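Take a look at the letters that make up each chain.
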Amino acid sequence: GDLDVLVGNHFDRSWLYLNQLAADGHPGDFDESPSPILMLGPSQKKPAFEPADFDLDGRIDLYVSNHAGSRDLVLHNRGNDADGLPIFEMVAVPPLTSTQETAKATVADLDGDGRVDVVAMSPSGRPAILRNTSVPGAISFVDWTPGSFPAGPALAGAEAAILDVDADGRLDLLLGGFEREHLFLGARGEVITEASASVGLPAILDADPVAIEGEVAAGGRDRFELGHLDPFAQVSVVLSGCGDLALELFDGGRLVGRSDRGGAGVEEAMQVAASGAALSVEVMGVSGCGGGTVGTVGTVADYRLELLARSELCMATATTLCLGDGRFSVTVDWRDFEANPGAGTAIPLSRETGGFWFFDPANLELMVKVLDGTAINGSFWVFGGALTNVGYTIRIYDHQQRRLRLYDNPPGRFASFADTAFSHVAVAPARWRAAVETVPPTIAATATLRAADPESEQVCAMNVARLCLRGRFEVSVGWVDGSGNPQVARARPLTSDTGSFWFFDEANYELVVKVLDGRSINGHQWVFYGALSDVEFDLTVTDSVAGQKRTYHNPAGRLASAGDIEAFP
């Protein structure tokens, strides 16, 4: 019954202080709680918290807006442990139509169903609306951002207010933008009948939500064809009704989503990514409004099926990287040397650059960046640098021009590539091979710097110009600018064995490097690097334990990736 204090830390983990009210009723001490909420850690930097009971279980949950770091999340309050300390469970928030950064969430029951929804403001993109589809004990949301919200940063801002401005009984949104405020009045969405929908649905892509009202008998199915939607489009579906219903979504005839939480009147919901094939949704009757099943009375269930599809901005997922303020979606499909397939896991690094890992989160395999070169040649530019020679295909989709391009690397090749005419590709997907140098990089002979004590390892130290990988290998880069002046690259650590360097702009990564322990395979330490720049540079890797170094030289005009599997003993 006492109010506690939660402090969001911009640079470290967040803290929860429990109110220890004095027995005489006067304010007491606040004690730090060892609750798991403290373990949000540095990946959730600059968080803002919004308390609400999202699943109507009587306990206060927390929506965490992430201004810098990984995606938003919800801390689901599971009650107290035996010591009276709160137990929180992290729940992932679905991909949003804004950028990954969100500044502050505002909560209110926007659709009048008794559950609070979320309006998440973004400092670099537009706001997103999360519709609450939770049931007691299970928190869930779907993206429900209306098509009336313009794409891009026009609505970028810090906070929203929710109120009924025009006293019509519907809540309105006042969005505090950096440039100016924006007022959106609540409106009733389009509703059509089941019979009308069977003839043809109105356009749902990048439009406001559409609702279909109908009825289905127990054991029956109603099928609605949504047609071909853009690749990477996110489709949100919500099904409600008086009976027990189930929901299925098909993409090109393949089942891609199913929701069956069971029970009369229990809402079904899902959010899935489209491939560009024909989509269809099926409403299935389990029991009617009267509880009847097949062969009994009361078998008909009334339902309301609501649909929303968005494609004008990227939605970040575990395997989808969003670049260029959400304009570009990037995914990678890989296959190993035995032709086993997999999907790369995305690692956002800046608004222009991101990476992917294939086998191990600490082992970055590929870096991709998209730069705006329209002021120079009217195109966006795509660069890629690989730290692997497995086969892979990069898919990049431009949501504004609705164009898809594929970049393919065959097994056995280390490749960097540059495409400075990305905007000029055909509307049809095109397969494009990276034009790379096959000449191996110039590797300087191994040089012994000093004798190393084999009994005591020297741990290297990192600074602004030097990486320290695996606590042992110092990595630095010197490069030459267009005027022939020598420069020193700035280091940016990524994982324990992988790091990167930038030359011109800290948001513009130019080189990625990793050092792996391959001694169990061939008795050596392995060095891999991938360049996203064709400037002249020298990459120096020093083994601080063995007292040896290797220098890899890249001449001006060459875009190269390389692997040295005999770098150090």
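Whatever comes next refers back to the structure up there.
Residues numbered from 1 in each chain as written. Predicted model: local features only at pLDDT ≥ 70, side-chain atom pairs only at ≥ 80, totals over all residues. Heavy atoms only, no water.

We now examine the overall build of the protein. Secondary structure assignment for the protein yields three helices and 46 strands. Of all 569 residues assigned to the protein, the portion counted as buried reaches 51%. Considering only contacts in the protein between residues 6 or more positions apart, those separated by 24 or more positions represent 56%. Accessible area for the protein stands at about 24200 Å²; split by element, carbon and sulfur atoms hold 53% of it. (Helix = DSSP H or I, 4+ residues; strand = E, 2+ residues; numbered from the N terminus. Buried < 20%, exposed > 50% of the residue type's maximum accessible area, 1.4 Å probe, protein only. Contact = heavy atoms within 4.5 Å. Areas by Shrake-Rupley, 256 points an atom, 1.4 Å probe, with all protein chains shown as cover.)

Glancing now at the sheet that holds strand S33 (residues 416–419). Spatial ordering of the open sheet is given by S27-S28-S29-S30-S33, a layout of five strands whose pairing is antiparallel. Single-partner strands in this sheet number two, and they are strand S27 (345–348) and S33. Taken over all neighbouring pairs, the strand axes of this sheet differ in orientation by 20 degrees on average, direction set aside. In this structure, strand S28 (residues 353–357) lies alongside strand S29 (residues 364–373), joined through five bridges in antiparallel fashion. Residue Trp357 lies in a different strand from S29, and its bridge partner there is Leu364. (Pairing = 2+ DSSP bridges. Axes fitted to C-alpha atoms, helices over the stretch in contact; angles between N-to-C directions.)

Moving on, we come to the nonpolar core. Within the largest apolar cluster, 28 residues are counted, with the highest numbers of intra-cluster contacts made by Val235, Val281 and Leu305. The set of elements that each furnish at least two residues to this core consists of strand S16 (210–217), strand S17 (221–228), strand S18 (234–241), strand S19 (244–251), strand S21 (268–273), strand S22 (278–287) and strand S23 (300–310). In terms of residue count, S23 provides more of this core than any other element does, five residues in total. Among the nonpolar cores identified, the runner-up in size contains 24 residues, and Ala491, Leu511, Val541 and Tyr552 belong to it. (Core = buried A, V, L, I, M, F, W, Y, C linked by side-chain atoms within 4.5 Å.)

This part takes up the environment of Asp497. Along the chain, the position of Asp497 falls in the loop between strand S40 (490–493) and strand S41 (498–502). At 3.2 Å, the side chain of Asp497 forms a polar contact with the side chain of Thr495. (Polar contact = N/O pair within 3.5 Å; in protein donor to acceptor, adjacent residues only side chain to side chain.)

The next point concerns unusual backbone geometry. Of note, the phi angle at Leu56 is positive, near 55 degrees, even though the residue is not glycine. Secondary-structure assignment places Leu56 in the loop between strand S4 (44–52) and strand S5 (61–69). Given a relative accessible area of 48%, Leu56 falls into the partly exposed group. Although it is not a glycine, Arg470 adopts a positive phi angle of roughly 55 degrees. Looking at the element boundaries, Arg470 is found in the loop between strand S37 (467–469) and strand S38 (473–480).

This part covers the pattern of salt bridges. If you walk through the whole model with that rule in mind, you get 28 salt bridges. Between Arg223 and Glu225 there is a salt bridge whose closest N-O contact spans 2.9 Å. Judged by its relative accessible area of 40%, Arg223 falls in the partly exposed class. Classification of Glu225 by relative accessible area gives partly exposed; the value is 48%. Notably, a salt bridge pairs Arg258 with Glu248, separated by 2.7 Å at the nearest N-O pair. Of this pair, Arg258 sits in strand S20 (residues 254–259) while Glu248 sits in strand S19; the two residues are 10 residues apart in sequence, bridging distant segments of the chain. Shared partners join several salt bridges into a network, and the residues in it are Asp111, Asp113, Arg115, Arg131, Glu213, Glu267, Arg304 and Glu306. (Salt bridge = Lys/Arg side-chain N within 4 Å of Asp/Glu carboxyl O.)

Turning our eyes to something else, we now look at the state of the cysteines. Here the structure, examined in full by the defined rule, presents three disulfides. Note on cysteine connectivity: Cys314 is disulfide-linked to Cys322, with sulfurs 1.9 Å apart. The chirality of the disulfide connecting Cys314 with Cys322 is left-handed, given an S-S dihedral of about -75 degrees. One disulfide bridge connects Cys460 with Cys468, the sulfur atoms lying 2.0 Å from each other. (Disulfide = S-S within 2.5 Å.)

Applying the stated criterion to the full structure yields 15 aromatic pairs. Pairing Phe54 with Phe141 gives two aromatic rings, centres 5.5 Å apart and planes at 75 degrees, and the pair type is edge-to-face. One end of the pair, Phe54, is in the loop between S4 and S5; the other, Phe141, is in strand S11 (residues 141–143), with 87 residues separating them in the sequence. Among the aromatic residues, those joined into a cluster by ring pairs are Trp334, Phe358 and Phe359. Directly above the aromatic system of Trp144 lies the positively charged group of Arg131, at a separation of 4.9 Å from the ring centroid. (Phe/Tyr/Trp six-rings, centres within 6.5 Å; stacked < 30°, edge-to-face > 60°. Lys NZ or Arg CZ within 6 Å of the ring centre and 35° of its normal.)

On to the side chain of Arg550. Counting through the fold element by element, Arg550 comes out in strand S45 (residues 548–554). With relative accessibility at 15%, the residue Arg550 sits in the buried group. There is a polar contact of 3.4 Å between the side chain of Arg550 and the backbone oxygen of Glu566. Looking at Arg550, its side chain comes within polar contact range of the main-chain oxygen of Ala567, at 3.2 Å.

With that settled, the discussion passes to a nonpolar patch on the surface. Among the surface-exposed residues, Leu163, Val165, Leu174, Leu183 and Leu185 lie close enough to one another that they form a single nonpolar patch of about 410 Å² accessible area. Here Leu174 shows up in strand S13 (residues 172–177). For Leu174, a relative accessible area of 35% translates into the label partly exposed. (Patch = residues over 30% accessible without salt bridge, like charges linked within 9 Å, V, L, I, M, F, W, Y side chains within 5 Å.)

In a beta sheet, neighbouring strands are held together by backbone hydrogen bonds and run either parallel or antiparallel to one another. Taking strand neighbours across the sheet as the criterion, the four strands line up as S8-S9-S10-S11 in an open arrangement whose pairing is antiparallel. Of all the strands in the sheet, just strand S8 (105–108) and S11 have a single pairing partner and so form its edges. When strand polarity is set aside, the average angle formed by the axes of neighbouring strands in this sheet is 25 degrees. Taken together, the three bridges between strand S10 (residues 128–132) and S11 define a ladder with antiparallel strand orientation. In the sheet register, Asn132 faces S11, and the bridge partner there is Phe141.

This next bit is on the side chain of Asp564. Examined against the element boundaries, Asp564 turns out to sit in strand S46 (residues 561–568). Here Glu566 takes part through its backbone nitrogen, which lies 3.2 Å from a polar atom of the side chain of Asp564.

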